[in-house]
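Notes for the structure review
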Amino acid sequence: PRESDQPSENNLENHVSSSTISLTQTQIAEIPQRSGDWGKKHINEWSEKDVSDWLLCFPFGNSYVETFREKGVNGLVLPSLSDQMLERIFGMKYAHILQFKFSWGP
């Protein structure tokens, strides 16, 4: 993609919201199915361990588990994290943000 096609920091959140439907089939296939203890609960009920287990279901999730644990992220906190926070504080890649947000649903 051209550099102009990439979202700026100012419109990243809007771009992510409108781009979740444009995930590739490979990216969609990497989204974990709801399983394990975390899969039986509403996201707001997830413990820190549930968040870690959910992260580990992604092929790239291990890259983020330690930081999420250090920050004490549970299911109440997870949906409130903005795209900018996920990128800057947690070091997440843009494609991973899309997949994570798509996986926990609206």
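In case you missed it, the structure is sitting above this.
Residues numbered from 1 in each chain as written. Predicted model: local features only at pLDDT ≥ 70, side-chain atom pairs only at ≥ 80, totals over all residues. Heavy atoms only, no water.

**Considering the packing of aromatic side chains**
- Summed over all chains, the structure comprises eight aromatic pairs.
- For the ring pair Phe68 and Phe90, a centre distance of 4.5 Å and an interplane angle of 45° mean the geometry is tilted. Here Phe90 lies in the loop between helix H6 (83–88) and helix H7 (94–104) and Phe68 lies in helix H5 (residues 62–70), a separation of 22 residues in the sequence.
- Classification of Phe90 by relative accessible area gives buried; the value is 7%.
- An aromatic cluster is built from Trp46, Trp54, Phe58, Phe60, Tyr64 and Phe100, whose rings are joined through pairwise contacts. (Phe/Tyr/Trp six-rings, centres within 6.5 Å; stacked < 30°, edge-to-face > 60°. Helix = DSSP H or I, 4+ residues; strand = E, 2+ residues; numbered from the N terminus. Buried < 20%, exposed > 50% of the residue type's maximum accessible area, 1.4 Å probe, protein only.)

**A closer look at the side chain of Asp83**
- Assignment of secondary structure puts Asp83 in helix H6.
- Residue class for Asp83 comes out buried when judged on its relative accessible area of 1%.
- Polar side-chain contacts of Asp83 include one of 2.9 Å to the side chain of Lys101. (Polar contact = N/O pair within 3.5 Å; in protein donor to acceptor, adjacent residues only side chain to side chain.)

**Some thoughts on H5**
- Among the residues of H5, Tyr64, Val65, Thr67 and Phe68 are the ones counted as buried.
- Where H5 ends, the next residue or the one after it, Gly72, has phi of about 70°, a positive value.

**Looking at the environment of Lys101**
- Residue position: Lys101 is located in helix H7.
- Every residue in contact with Lys101, bar those within four places of it in the chain, is listed here: Leu81, Ser82, Asp83 and Leu86. (Contact = heavy atoms within 4.5 Å.)

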